[in-house]
Every structure is written in C-alpha cells, then in structure tokens.
Amino acid sequence: MPVNNMKLPIGIEDFKEIRTAGFYYVDKTGLIRDLLNNWAKVNLFTRPRRFGKSLNMSMLKYFFDIGDNEDLFQGLEIANETKLCDEYMGKFPVISVSLKGINAPSFQIAFDMAVETINTAARQFQYLLDSDCLSEVEKSAFQELLRRDMGESVLYGSLKVLSELLMKHHGSKAIILIDEYDVPLAKAHENGYYDEMVFLIRNLFEQALKTNDSLQFAVLTGCMRISRESIFTGLNNVPVLSVTDVEFNEYFGFTDDEVKEMLECYGLTKYYEVVKEWYDGYLFRKTSVYCPWDVICHVRKLNTDPDALPENYWINTSGNDAMRRFIRESDNNASTKREIESLLAGEAVVKEIHQELTYRDMYSSIENIWSVLFMTGYPTQRVRREDTRFELVIPNREIHSIFATQIMDLFRENVKKDGEGVKRFCEALKNGDEKGIESQFGAYLRKTISLRDTFVRKERKESFYHGILLGILGVKESWAVSSNGEAGDGYSDIQIEIVDEEIGIIIEVKYVDSGNLDEAC
C-alpha cells in the first residue's frame, strides 16, 4: 500500500515524534533485540555523522524507560520478541543525555554548557523531590543537580548520583544513554582547552560507568573511537562497535532493500539507480549501506520536484575540517597526492587504520588523518587485509564530489598566490599562443590533484579541466568570464570578453581517451 502521504523526518531525532506524528520510519528496532542478547556493561557505537545514531538512542530510551510506550513499537520488529518485551520494555529508569551541544570557545563556557546538560536531564525526574523512598539528604543531593552554579565535584558525580536516586525510588537499576560523547572533545581540541575537557569527561564517565552499582548498562555513541588511555581510563572491557565490526551494522544506515521499499512507497522506483550511485557504497564490515540523511533528503525533494537532480546533502550538515586539512597537507606530499588520485579514479588504496587515537594525535601526521577520514565516513573499506590494514575506496558520487570541491578550493587559493603564472597564462591566451597556453596549463595540472572522475559519463570527463580553467581565469577580475553560455546555435564551454581591448576568446574543452585530439576536435 503506498504511503506517500507520510511525512519524511528531516532533522527529527525523537522516536516518539516520528511514530506518533505520521512520519515515515525505517524499522531499526532489531537493534534492541541484538543489544539485549549481546550487551556489555558499557557499549560504544561509533559511526559517521548522519547515520541514525541519535534516533536509535531515542528509540532505546522509549523502549526501556518506565512508562507505557508499548504503542510506539506495535507493528515493528521488536514487537515479535514477546519474551524480551515482557522482561525489559518499560522496566528501567533511563538517563538520556546528548553532548553534541557542548560547543564553546572556552572551557568555562563549555563547563557551563555541561552543567546545563545535566540540569536538563535531572529536570525530567523532579518527581524525586516528592519521593517517599528518598531521605531529605538524598533530596538535597538531587536539588544540587538542578543548580546552574554546580561545582566541579557535583558535576563529575552527577550521573552516578542521579542513577542511585532513581534506583532507590523505582527499585530498578538505571540505564544511561550518552549520545555524541566525543563532540565536546573535538570542540575543545579546536579551541585550545583539550586537557581540561579530557579531565571533565574522564571523571564524569569513570564515576557513572565504572564504580556505579546502580547501573544496569550504558550505551554511548560517537564518530570517533577515542583512545582508552585518555577517556576510558579504568573502564575495562568496553566493547567498541565500529564500522569494522560485524555486529549491528544493518541498524546504522539504510540497506538496499530498505531504500527500494522507501522509493516504492513514494512512487519513485525509477530513481533507484541514481540514488544508489550517489548515496550507497558504505561498507560497514560486511554490510553495505546508504547514508540515510541523503536518501531521506533526496526522496523529499523528488516528491515535490520529479526533475530534481541529486545533491550533496551531507557536506552541509557539519564541518569538513578533516577533509580540508587532509587536502591541504597533501599539497606538499607527492605520495599522498597520488593516492588521492587513485581514489578519485575509482581505485583502492591500502592504508593502516588506527582506530584508537587522541584528538592530539589525529592531525599529527597525514597517516593519522587517513584514519580520521575513514572513521568519519569519507573513504570506506572494501577489503580488510589484516587486523589494521584496509583497502579503502570512495563509496559514492557524493563523497567524490566532496573531494573534488575541496581540491578545487585549494587550487583556486594557490592560483591567487601565483601572480606571475596567471599573468603568463592569460597573456598566452590573449595572444593566441598555443604553446604558451599548453606549457603553463600543464604546469598547473602537475601541481594539483587530478580529478579523474569515474562516476560520470565519458562525454563529461572534461569537467575537471573545465573547472581548472575557470579556477585560473576567476583570478582575472578585469575579464568577463562565462561558462557554458549560449553562443548562436550551440554552446561554448567558456567565453571570455576583454572589453577594454575588444578581444573575445572562446574555449572548447575536449577529453579523448585515445589521445587523438585532432580527431575529437
């Protein structure tokens, strides 16, 4: 039955809202069954951004939290697990916090934001102030968690104290969910207070997750698998379930069957090949998945505009600092430059991936940046050769375009710095000096990464060279440069008008596999 009247959940991460407000939902409740069958005391899931981590955490909250949420799960996969539902659904107090909002220019502001995060979590349990199970001392301890001027020691012990009070009131141990645990660390590293934030997070986690008899179990999510030595000190046997592990992979991202079903529901099956080319290709160990954010955004756009072209939706949802830094550092590293060209040509490169890094280590070498890019979803694995060595490839058209954008941005920056080179090239163009044009253009090509775009049709292979030319000519502000403008009965690739000198230049770009340029022209 078509469900194309169902809304698409763009930016909605609350499971209850999706299930009660008529939004389309891809069933990932099998995660609950697999987690209960394989859970450890502390469980860490690492996945790239926009792969459904926060929505899954919300789903876990509504399943386990004390209350009547059974209706939310009717018709979903977990509802078939009647024994598990009877034993676990609605049976535990759940403390759910997200650290993704702790993004501050200084440690003091970050500390205040962490306090507000705990305040928000504690406010959900204000009924504890009226509890007959708690003493006045314990109620006072709860009131401390509501204070905006909370001290360090109170903050460090806040999750532990809250879980103890909840267990005493309900008679059940608490479940702690911590979403995007690594965001405060990333922001602290960017803004120069990394050591202070490491100390804060380490103390918060150690008290809540290690020495806590009131804890049933905990689930954490993040993009990066941060070194245990820096954050998880003293937390033994924390299973880290990353993109290189077999378990749980179908629950983060959309599988091919799920995408086909969505497209069928909205009457968009004819777009399947395009959606697959642009947004599929991520291999989480043995499971191939699409980026769900991209699929949902594009299906929504196609619903209103059947002629809509695929876009790079992912690049605008967060910073791409790691990619920008990687491309810039490769500018002076011939080996890395060639490896990027191999990726862009659709080939695999073999790299050693270090999954446990501190933020201080992540950018200390270009080899470590490869690991950061892999963990955050830019290249994906094709084959795991050894324990730490992987064959990496670009997963899809969208990620290829992110590489291309960053490469062209760097190229334009470098061109602006090369005043003499631009002058020689433009003089050669103006004078019709073919050899001069070829010589200077070749010099530019040797300096930049070649974008051999394997994702486009042969007739569009010249787009890389077209872009390079526009990057050079864009520096010449006194020249009127237009691209693919209408010219008579056809279209030229680039038109240049030098108004003051009454000169016009037409450029047509041709790419030839055989090398026979005369025949192509």
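Just so we're clear, the structure is a prediction, and the values are computed from it rather than from any experiment. (Residues numbered from 1 in each chain as written. Predicted model: local features only at pLDDT ≥ 70, side-chain atom pairs only at ≥ 80, totals over all residues. Heavy atoms only, no water.)

Visitor: Can you help me understand unusual backbone geometry in this one?
Guide: The phi angle of most residues is negative, glycine excepted, and most peptide bonds adopt the trans form. Of note, the phi angle at Arg50 is positive, near 70 degrees, even though the residue is not glycine. At Phe248, a residue that is not glycine, the phi angle is positive and equals roughly 70 degrees. One can find Phe248 in the loop between strand S5 (240-241) and helix H11 (256-265). (Helix = DSSP H or I, 4+ residues; strand = E, 2+ residues; numbered from the N terminus.)

Visitor: Could you clarify how one ought to interpret the side chain of Arg33 in this entry?
Guide: Mapping Arg33 onto the fold places it in helix H2 (residues 30-38). Look past the residues within four positions of Arg33 in its chain and what remains in contact with it is Glu77, Ile78, Glu81, Leu84 and Tyr251. (Contact = heavy atoms within 4.5 Å.)

Visitor: Could you clarify how one ought to interpret the pattern of salt bridges in this entry?
Guide: Side-chain pairs of opposite charge can arise whenever the charged atoms involved come near each other. Overall, the coordinates contain 27 salt bridges when judged by the stated rule. For Asp409, the salt bridge is made with Arg412, and the minimal N-O distance between the two is 3.3 Å. Within this pair, Asp409 and its partner Arg412 are both found in helix H18 (residues 397-417), separated by 3 residues, close to a single helical turn. Assessed through its relative accessible area of 35%, Arg412 is described here as partly exposed. Here the salt bridges share partners, and the residues they tie into one network are Arg33, Asp34, Glu77 and Glu81. (Salt bridge = Lys/Arg side-chain N within 4 Å of Asp/Glu carboxyl O. Buried < 20%, exposed > 50% of the residue type's maximum accessible area, 1.4 Å probe, protein only.)

Visitor: Please explain the sheet that holds strand S8 (residues 349-352) as it appears in this structure.
Guide: Hydrogen bonds along the backbone pair up the strands of a sheet, which may run parallel or antiparallel. Pairing is antiparallel across the open sheet formed by 3 strands, whose spatial order is S8-S10-S9. A single partner strand is all that each edge strand has here, and the edge strands are S8 and strand S9 (380-384). Ignoring which end each strand starts from, the neighbouring axes of this sheet average 45 degrees apart. As paired strands, S8 and strand S10 (residues 389-393) are joined by 4 bridges and run antiparallel to one another. Bridging across to S10, Val349 finds its partner in Leu392. Against the sheet, helix H15 (residues 334-344) contacts S8 and S10, and its axis sits at roughly 125 degrees relative to S8. Contacts from helix H17 (residues 366-375) reach S8, S9 and S10, with the element oriented near 105 degrees to S8. (Pairing = 2+ DSSP bridges. Axes fitted to C-alpha atoms, helices over the stretch in contact; angles between N-to-C directions.)

Visitor: Got a minute to help me understand the layout of surface pockets in this structure?
Guide: Which parts of space are left empty comes out when a probe the size of a water molecule is rolled across the atoms. In this structure, the second largest pocket spans a volume of roughly 990 Å³. When residues of the lining of the second largest pocket are traced back to their parent elements, those giving at least two are helix H19 (419-430), helix H20 (434-447), helix H21 (463-473), strand S15 (503-507) and helix H22 (517-520). Counting residues per element, the lining of the second largest pocket draws most heavily on H20, at 7 residues. Of the residues in the lining of the second largest pocket, the class split is 15 nonpolar, 3 polar and 6 charged. (1 Å grid on protein atoms, 1.4 Å probe; cavity = no way out; pocket = protein on both sides within 12 Å on 5 of 7 lines; lining within 4 Å. Points joined across faces, edges and corners; volume = space filled by probe spheres on them. Nonpolar A, V, L, I, M, F, W, Y, C, P; charged D, E, K, R; others polar.)

Visitor: How should I be thinking about the sheet that holds strand S2 (residues 94-98) in this particular structure?
Guide: The 5 strands lie next to each other as S2-S3-S4-S1-S5, forming an open sheet whose pairing is parallel. Each edge of the open sheet is held by one strand with a lone partner, namely S2 and S5. With 5 bridges connecting them, strand S3 (residues 174-179) and strand S4 (residues 215-222) associate as parallel partners. Among the inter-strand pairings, Ala174 is bridged to a residue of S4, identified as Leu215. Contacts from helix H3 (residues 53-64) reach S2, S3 and S4, with the element oriented near 165 degrees to S3.

Visitor: Help me understand H15 in this model?
Guide: Helical periodicity: at 3.6 residues per turn, an α-helix aligns residues three or four positions apart in one direction. Along H15, 8 of the 11 residues are buried, which leaves the element largely enclosed by surrounding structure. Tucked inside the fold, the buried residues of H15 contact helix H14 (321-330), S8, H17, S10, H18 and H20. N-capping of H15 is provided by Asn333, with a side-chain oxygen placed 3.2 Å from the backbone N of Ser335. Looking one or two residues beyond H15, the residue adopting positive phi is Gly346, at roughly 90 degrees. (Polar contact = N/O pair within 3.5 Å; in protein donor to acceptor, adjacent residues only side chain to side chain.)

Visitor: Would you take a moment to explain the confidence of the model for the chain for this structure?
Guide: Low pLDDT marks regions whose predicted coordinates should not be analysed in detail. For the chain, the mean per-residue pLDDT works out to 88, and 93% of the residues sit at or above 70. Mean pLDDT across the elements of the chain ranges from a minimum in strand S12 (residues 486-487), with 53, to a maximum in S3, with 98. (pLDDT = per-residue confidence, 0-100.)

Visitor: What should I look at first to understand the side chain of Asn249 in this one?
Guide: Inspection of the secondary structure puts Asn249 in the loop between S5 and H11. Judged by its relative accessible area of 0%, Asn249 is buried. Among the polar contacts made by the side chain of Asn249, one reaches the side chain of Arg47 at a distance of 2.7 Å. Once residues lying within four places of it in the same chain are set aside, the contact partners of Asn249 are Arg47, Ser242, Phe284, Arg285, Thr287 and Val289.

Visitor: Honestly, the environment of Thr388 in this entry has me stumped. Any pointers?
Guide: The topology assignment puts Thr388 in the loop between S9 and S10. Of the residues examined, Thr388 reaches a relative accessible area of 28% and is grouped as partly exposed. In this structure the C-alpha to C-alpha distance between Thr388 and Tyr511, which are 123 residues apart in sequence, comes to 39 Å. Not counting the four nearest positions on each side in its chain, Thr388 is found in contact with Lys351, Glu352 and Ile353. Here Glu352 takes part through its side chain, which lies 3.4 Å from a polar atom of the side chain of Thr388.

Visitor: Which parts of the structure should I look at to understand the packing of aromatic side chains?
Guide: Each aromatic ring pair is specified by the distance between its two centres and by the angle formed by the two planes. This structure, assessed with the given rule, holds 28 aromatic pairs. Between Tyr181 and Phe205, the ring centres sit 6.3 Å apart and the planes meet at 45 degrees, which makes this aromatic pair tilted. Here Phe205 lies in helix H10 (residues 194-210) and Tyr181 lies in the loop between S3 and helix H9 (183-191), a separation of 24 residues in the sequence. Relative to Tyr359, the ring of Tyr194 has its centre 6.2 Å away and its plane inclined at 70 degrees; by these criteria the two rings are edge-to-face. Of the two residues, Tyr194 is situated in helix H10 and Tyr359 in helix H16 (residues 359-362); the sequence distance between them amounts to 165 residues. The exposure class of Tyr194 is buried, given its relative accessible area of 6%. Ring pairing ties together the aromatic residues Phe15, Tyr25, Trp39, Tyr62, Phe63, Phe64, Phe73, Tyr88, Phe92 and Phe217, which thus form one cluster. Its guanidinium or amino end placed over the ring of Phe23, Lys7 lies 4.5 Å from that ring's centre, counting from NZ or CZ. Sitting over the face of the ring of Tyr62, Lys61 holds its NZ or CZ atom 4.9 Å from the ring centroid. (Phe/Tyr/Trp six-rings, centres within 6.5 Å; stacked < 30°, edge-to-face > 60°. Lys NZ or Arg CZ within 6 Å of the ring centre and 35° of its normal.)

Visitor: Help me understand H11, please; the structure alone is not making it clear to me.
Guide: Inspection of H11 places Glu258, Val259, Met262, Leu263 and Cys265 among the buried residues, and these make up the whole buried set. Projected onto a plane normal to the axis of H11, the buried residues spread over an arc of 160 degrees and lie on a single side. Those residues of H11 that are exposed and aimed more than 90 degrees away from the buried face are Asp257 and Glu264. Contacts from the buried residues of H11 go to helix H12 (272-279) and helix H13 (292-304). A positive backbone phi angle near 65 degrees is found at Gly267, which sits one or two residues after H11. (Arc of directions from axis to C-beta.)

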